[in-house]
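# Commentary on secondary and tertiary structure
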Amino acid sequence: NCHTHLYQALIEGIGYDMHFEPWNWRFLFPIVSRMSSHHSYRSTRLAALEMIKTGTTTICDHWYMHTDFNNIREASRALNEAGVRGKIIYGLLDESFAGEPLSEDQMTMLHSREELLEDFHKYHKEWNNKGTITTAIGAGSTQDASEGLLIESKQIADRLGIPMSTHVAGWQDILASSYSKYGMRDVAFTRSRGLTGENSIFIHTVWLSPGEINDLAETRTGVVHCPAANSQLGYGIAPVAEMLQAGVKVGLGTDGAGS
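The structure reproduced in this document is the subject of the present report. (Residues numbered from 1 in each chain as written. Predicted model: local features only at pLDDT ≥ 70, side-chain atom pairs only at ≥ 80, totals over all residues. Heavy atoms only, no water.)

## Some points on the nonpolar core
With 68 residues, the main nonpolar core has Tyr 7, Trp 23, Trp 63, Leu 79, Ile 88, Leu 92 and Ile 137 as its most contacted residues. Filtering out sequence-adjacent residues up to four positions away, Leu 79 remains in contact with Leu 6, Thr 44, Ala 48, Met 51, Ile 59, Val 84, Gly 86, Ile 88, Thr 132 and Ile 133. (Core = buried A, V, L, I, M, F, W, Y, C linked by side-chain atoms within 4.5 Å. Buried < 20%, exposed > 50% of the residue type's maximum accessible area, 1.4 Å probe, protein only. Contact = heavy atoms within 4.5 Å.)

See below:
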């Protein structure tokens, strides 16, 4: 499972059959802002059990639920205890979540660039290659992270020899945000800032032009296709056949509880 959000195992079924935006506002934001490291441990135990029952032995989780910096450590502990191999991406959100610059009491997982990177380095030293766990790094998306944080995350990944992962061109709002902030589409921005490459993994990649598919292939950037989430949340239909034909590496993921 190349992309999931383990902490959301506790909210599966809440607000089902809703588009991404009302689901975020009505259910995800209010619940997640109050989740603790206890919830992180329990949700990961539940998710691990579900994966074991379905024969999933290895997962890549994008963990950005930093209401407490101990959350990711408790999730790693639970996954390691379950014996499931996990690539845990330390998520980075310093501007917004899903495009919403919420207040501190609403979105307690937003932190400054300095706080996030300081704790990432601590977590990497504590958990990389410990038991069944390896680490990675990744901003939430080009919509939710500052340009400096996006660039620095790739530089850190290159320096440490770990993957860098982020949500790219997954839904139309991301493209609109990229145009507004940078004057170019999502994939063009990532390539212009050096965010593509063999250790880069882009999630969803639904809204791609033929030229952008070639960009991903040329830079050997991997993508994760999340068909259930794309359909359930109304993201659109990813051009998987075209990506495969162009030589893009494509993996499969479940995404979070909204799917």
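## Brief notes about the packing of helix 3 (residues 71-82) against helix 4 (residues 113-127)
Where helix 3 meets helix 4, the axes come as close as 11 Å, and the angle between the chain directions of the two elements is 20°. Considered as vectors, helix 3 and helix 4 are oriented roughly parallel to each other. Crossing of helix 3 over helix 4 shows right-handed handedness. Along the contact surface, helix 3 presents Ile 72, Arg 73, Ser 76, Arg 77 and Asn 80, while helix 4 presents Asp 119, Lys 122, Tyr 123, Glu 126 and Trp 127. (Axes fitted to C-alpha atoms, helices over the stretch in contact; angles between N-to-C directions. Helix = DSSP H or I, 4+ residues; strand = E, 2+ residues; numbered from the N terminus. Parallel < 35°, antiparallel > 145°, perpendicular 65-115°, else oblique. Left-handed = near helix turned anticlockwise from the far one by under 90°.)

## Considerations on the state of the cysteines
Tallied over the entire structure, the rule returns zero disulfides. Among the cysteines around Cys 60, which has no disulfide bond, Cys 2 carries the closest sulfur, lying 7.0 Å off. Judged by its relative accessible area of 11%, Cys 60 falls in the buried class. Residue Cys 226 stays outside any disulfide, its sulfur separated by 8.7 Å from that of Cys 2, the closest cysteine. (Disulfide = S-S within 2.5 Å.)

## Things to note about the layout of surface pockets
The calculated volume of the largest pocket comes to roughly 360 Å³. Lining the largest pocket we find 18 residues, and of these Asn 1, Thr 4, Glu 12, Glu 50 and Thr 254 sit closest to its centre. Among the residues forming the lining of the largest pocket, the class breakdown is six nonpolar, nine polar and three charged. (1 Å grid on protein atoms, 1.4 Å probe; cavity = no way out; pocket = protein on both sides within 12 Å on 5 of 7 lines; lining within 4 Å. Points joined across faces, edges and corners; volume = space filled by probe spheres on them. Nonpolar A, V, L, I, M, F, W, Y, C, P; charged D, E, K, R; others polar.)

## Describing the packing of helix 4 against helix 5 (residues 147-160)
Orientation of helix 4 relative to helix 5, taken along the N-to-C sense of each, is 20°, at an axis distance of 12 Å. If you check the angle between helix 4 and helix 5, you find them roughly parallel. Viewed along their axes, helix 4 and helix 5 form a crossing whose handedness is right-handed. Listed contacts from helix 5 to Arg 113, Leu 116, Leu 117, Phe 120, His 121 and His 124 of helix 4 are Leu 149, Glu 152, Ile 156, Arg 159 and Leu 160. Residues of the contact of helix 4 with helix 5, tallied by class, amount to six nonpolar, two polar and three charged.

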